[in-house]
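# Architecture and fold: a report
Okay, here's what each chain looks like letter by letter:
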Amino acid sequence: MDTSALKQMAAEAAIAYIRPGMVVGVGTGSTSNLFIDALGKAKIAVEGYVPSSLGTAERLRSLGLPVLDLNSTGDIPVYIDGADEIDPHFRLIKGGGGALTREKIVASAARQFICIADSSKDKPRLGVFPLPVEVLPFARSFVARQLVRLGGSPVLRENFQTDNGNVILDVTGLDLGDPVKMEALINTVPGVIDNGIFAHRKADVVLLGSPQGLISRSAPLA
Ligand code: 5RP
């Protein structure tokens, strides 16, 4: 089975978490796009969808699905999004599509975060995928030097601007053995908007499309 069929399996499984009348947060990326397409077919009478990027908002609107502003909703019952890496403790690396800041905001506003991915994203620990860090353009060089001090090798993502008008540094070489600590540490550097470690707000449920079928994991209740 190719990767897109595995992503499709996870995206379709997430439809079961959507109920009529809900406000639903929607992520960004190819797996989220498949989820949006599945929403278009499912035609569930939700209150509306809160997108995590301009691209997601556009795709929702193109299918006639109602888009809500996060500032006009309260807490969101459920957020569905993909990931670049997932560890056994439901912690993630995200931001391959550069939408990590809005994704983290919508995920944090949600009571339940369902992560959808193909099984290649399932890792014993985080840290092979380059960590995306969103940075104010004014602070790009300064932040890059601080990331080097933390042990990383930052590379500017070429010809890319985030929905918030910022740049992305993709960082390899960081020790993510304690992702909670590294997520917080990177965010103390002035000029960093946010980074793609989702360890404070991790997933609650992981749905993985695998060649053996759907794998569904739920985090133990805190
Ligand atoms: C975008 C993201 C995506 O969820 C992540 O990059 C996974 O993408 P895909 O579903 O295309 O594999 O974090 O910022």
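For the structure given in this document, a descriptive report is provided here. (Residues numbered from 1 in each chain as written. Predicted model: local features only at pLDDT ≥ 70, side-chain atom pairs only at ≥ 80, totals over all residues. Heavy atoms only, no water.)

### Notes on the site of the ligand
Condition: We call a residue near a molecule or strand when any one of its heavy atoms sits within 4 Å of it. Nitrogen and oxygen atoms within 3.5 Å of one another constitute a polar contact, given that in protein one can donate a hydrogen and the other can accept it, and given that sequence-neighbouring residues count only through two side-chain atoms. Accessible surface area values rest on a Shrake-Rupley calculation with a 1.4 Å probe, where residue burial reflects the displayed protein chains alone. Only Asp, Glu, Lys and Arg are considered charged, only Ala, Val, Leu, Ile, Met, Phe, Trp, Tyr, Cys and Pro nonpolar, and every remaining residue, Gly among them, polar.
Taken together, 17 residues sit near the ligand, with Ser30, Thr31, Asp84, Gly95 and Lys121 positioned nearest. Lysine 94 places a side-chain nitrogen or oxygen 2.9 Å from an oxygen atom of the ligand. In the environment of the ligand, an oxygen atom lies 2.7 Å from a nitrogen or oxygen atom belonging to the side chain of lysine 121. For the ligand, whose accessible area on its own is 380 Å², the fraction buried by protein is 91%. Considering only residue class, the shell around the ligand consists of two nonpolar, nine polar and six charged.

### Digging into the environment of valine 155
To be explicit about the condition: Runs of H or I in DSSP of at least four residues are treated as helices and runs of E of at least two as strands, each being numbered from the N terminus. Working rule for contacts: check all heavy atoms of both residues, and any pair within 4.5 Å makes them a contact.
If you trace the backbone, valine 155 turns up in strand β8 (residues 153-156). Linking valine 155 and leucine 185, residues 30 residues apart in sequence, is a C-alpha distance of 19 Å. Contacts of valine 155, omitting those with residues within four sequence positions, involve Ile168, Leu169 and Asp170.

### Side note on the sheet that holds strand β6 (residues 110-118)
Just so we agree on the cut-off: By this definition, two strands are paired if DSSP reports at least two bridges between them. The convention used is that axes are lines fitted to C-alpha atoms, helices contributing only their stretch in contact, and that angles between N-to-C directions extend from 0 to 180 degrees.
Strand order in the open sheet formed by six strands is β2-β1-β3-β6-β12-β13, with mixed pairing between adjacent strands. Of all the strands in the sheet, just β2 (48-51) and β13 (213-218) have a single pairing partner and so form its edges. Strand-to-strand twist across the sheet, computed as the mean angle between neighbouring axes with direction ignored, equals 20 degrees. Taken strand by strand, helix α3 (residues 54-62) contacts β1 (23-26) and β2, and its axis lies near 155 degrees from that of β2.

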